[in-house]
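# An overview of the molecular structure
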Amino acid sequence: MAEQDNKVPAVAENAVMVQSETLPEGTPTVRGYDFEAGLDFQRFLSSYLTTGFQAMAVGQAMEQINSMLEWRLSDEAVKEDDDVKDEAERAKVRCKVFLGYTSNLISSGLRETFKFLTKHKMVDVIVTTAGGIEEDIIKCLAPTFLGDFSLSGEQLRKRGINRIGNLLVPNENYVKFENFLMPLLDQMLKEQEENNVEWTPSSFIHRLGKEIDNEDSVYYWCYKNNIPVYCPALTDGSIGDMIYFHSYKHEARLKLDIAADIRNMNNEAAFAIKTGIIILGGGLVKHHICNANLMRNGADFSVFVNTGQEFDGSDSGARYVAMTLSSMLFFPPLCCFCCLVRLLLLL
């Protein structure tokens, strides 16, 4: 018994004192940013790759975005079936960048980031929801205010104030939106009936950007720079309400051709030489972009940012569905701003 007291039990020794294997040469070590050297924003963001946890995923997302922006056809060897063979022309062919985001991001201050990206032609195709369209236009007409998550929805409703998380939107904002949109719907219907104009959700959004004529608007810059914006659920919001009421004011009804838009959206990907996708949020915007890129057997670069979990069977959190659809990389939930900030630093 005394002998056993002086010897570490073999079961414990074997469990705890496991011999370490040597990690492969070149395995990165964990190291954060050294602020003793001052703040260099580029180096600070680059340090995310070796910080660990979700910071590492943010760093990987930045690398993917860098690859999207830096790629040129001239980087690759000329193939016999290439349509573009001249090196100077190949150097002009860039990766087509698809950006998708949900409406809450337009409601927030990220709207100004999206405006910057569209103003400077840093994205090529946008997919969003109905709220992602109308909230941008509404902000040109009246401000959205900061509130608090704990505010009573019941009391706010009595005061005629809508809440988006901790953001506040007075009902008056939607009245102003109606006053802006209804005459435009009248004009679009007139053009449809008299000039045989065939409207689609994307051409409708293009027209909104033209008519709002406000440099604070994301869709003004999409109009100016001819960046297509697709919204297959355009009627799922205040715009849909307005179209509904408008349909009772006229014998003829405004028509929006979603079949034309799905053809155009899928062709954006199908005929692209290289594609990159940045999807902020899930659901419709994620699936619409992934499905379009399925037409070319997947995207070449990708970043997903959402808080969805695969365990509820949703598209938003589907890690392997995303890979199946588009042969893409998946990153865990990240901070949307961090993923976008690298785009701004590359100007």
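Residues numbered from 1 in each chain as written. Predicted model: local features only at pLDDT ≥ 70, side-chain atom pairs only at ≥ 80, totals over all residues. Heavy atoms only, no water.

This brings us to the nonpolar core. Residues Tyr101, Phe114 and Leu181 are the most contacted members of the largest nonpolar core, which totals 55 residues. For this core, the leading source of residues is helix α10 (residues 171-195), giving eight residues. Counting 14 residues, the second largest nonpolar core, distinct from the first, contains Tyr230, Ile277, Ile289 and Cys290. (Core = buried A, V, L, I, M, F, W, Y, C linked by side-chain atoms within 4.5 Å. Buried < 20%, exposed > 50% of the residue type's maximum accessible area, 1.4 Å probe, protein only. Helix = DSSP H or I, 4+ residues; strand = E, 2+ residues; numbered from the N terminus.)

In this structure, Asp136 sits in helix α8 (residues 130-141). On the basis of relative accessibility, which here comes to 0%, the residue Asp136 falls in the buried class. Of the polar contacts made by the side chain of Asp136, one reaches the side chain of Ser217; its length is 2.6 Å. Those residues in contact with Asp136 that lie beyond four places of it in its chain are Ile106, Arg111, Asp216, Ser217, Val218 and Tyr219. (Polar contact = N/O pair within 3.5 Å; in protein donor to acceptor, adjacent residues only side chain to side chain. Contact = heavy atoms within 4.5 Å.)

Take the sheet that holds strand β5 (residues 167-170) next. Strands sit in the order β3-β5-β4 across an open sheet of three strands; the sheet is antiparallel. The outermost strands of the open sheet, each flanked by one partner alone, are β3 (145-146) and β4 (161-164). Inspection of the sheet shows β3 paired to β5 by two bridges, in the antiparallel sense. Bridge assignment links Leu146 to a residue of β5, and that residue is Leu167. Sitting on the sheet, α10 touches β4 and β5, and the angle it makes with β5 is about 55 degrees. (Pairing = 2+ DSSP bridges. Axes fitted to C-alpha atoms, helices over the stretch in contact; angles between N-to-C directions.)

A few words on the pattern of salt bridges. This model, assessed by the stated rule, comprises twelve salt bridges. Across the pair Asp82 and Arg90 runs a salt bridge whose closest N-O atoms are separated by 3.0 Å. Each member of the pair Asp82 and Arg90 is classed as buried. Overlapping salt bridges, with partners in common, bring together Glu76, Lys274, Arg296 and Asp300 in one network. (Salt bridge = Lys/Arg side-chain N within 4 Å of Asp/Glu carboxyl O.)

On to the side chain of Arg296, then. By the secondary structure assignment, Arg296 is in the loop between α15 (284-294) and β8 (301-305). Residue classification places Arg296 among the buried residues on the basis of a relative accessible area of 18%. Reaching out from Arg296, the side chain makes a polar contact with the backbone oxygen of Gly298 at a distance of 2.6 Å. In this view, Arg296 contacts Ala269, Ala270, Ala272, Ile273, Lys274 and Thr275; residues no more than four positions away in its chain are not counted.

Between α8 and α10, the shortest axis-to-axis distance is 9 Å and the interhelical angle comes to 100 degrees. Taken together, the axes of α8 and α10 are roughly perpendicular relative to one another. Here Glu134, Glu135, Ile137, Ile138 and Leu141 of α8 lie close against α10, whose contacting residues are Asn173, Tyr174, Lys176, Phe177 and Phe180. Counted by class, the contact of α8 with α10 contains six nonpolar, one polar and three charged residues. (Parallel < 35°, antiparallel > 145°, perpendicular 65-115°, else oblique. Nonpolar A, V, L, I, M, F, W, Y, C, P; charged D, E, K, R; others polar.)

Turning next to the sheet that holds strand β7 (residues 275-280). Strand pairing in a sheet is mediated by backbone hydrogen bonds. Such pairs are either parallel or antiparallel. Reading across from one edge, β6-β2-β1-β7-β8 is the order of the five strands in this open sheet, with parallel pairing throughout. On the outer flanks of this sheet lie β6 (229-230) and β8, each paired with one strand and no other. Judged from the four bridges that link them, strand β1 (residues 96-101) and strand β2 (residues 125-128) form a sheet pairing that is parallel. Directly across from Gly100, in β2, lies its bridge partner Val127. The strands touched by α15 are β1, β2, β7 and β8; relative to β7, the strand with the most contacts, the crossing angle is about 170 degrees.

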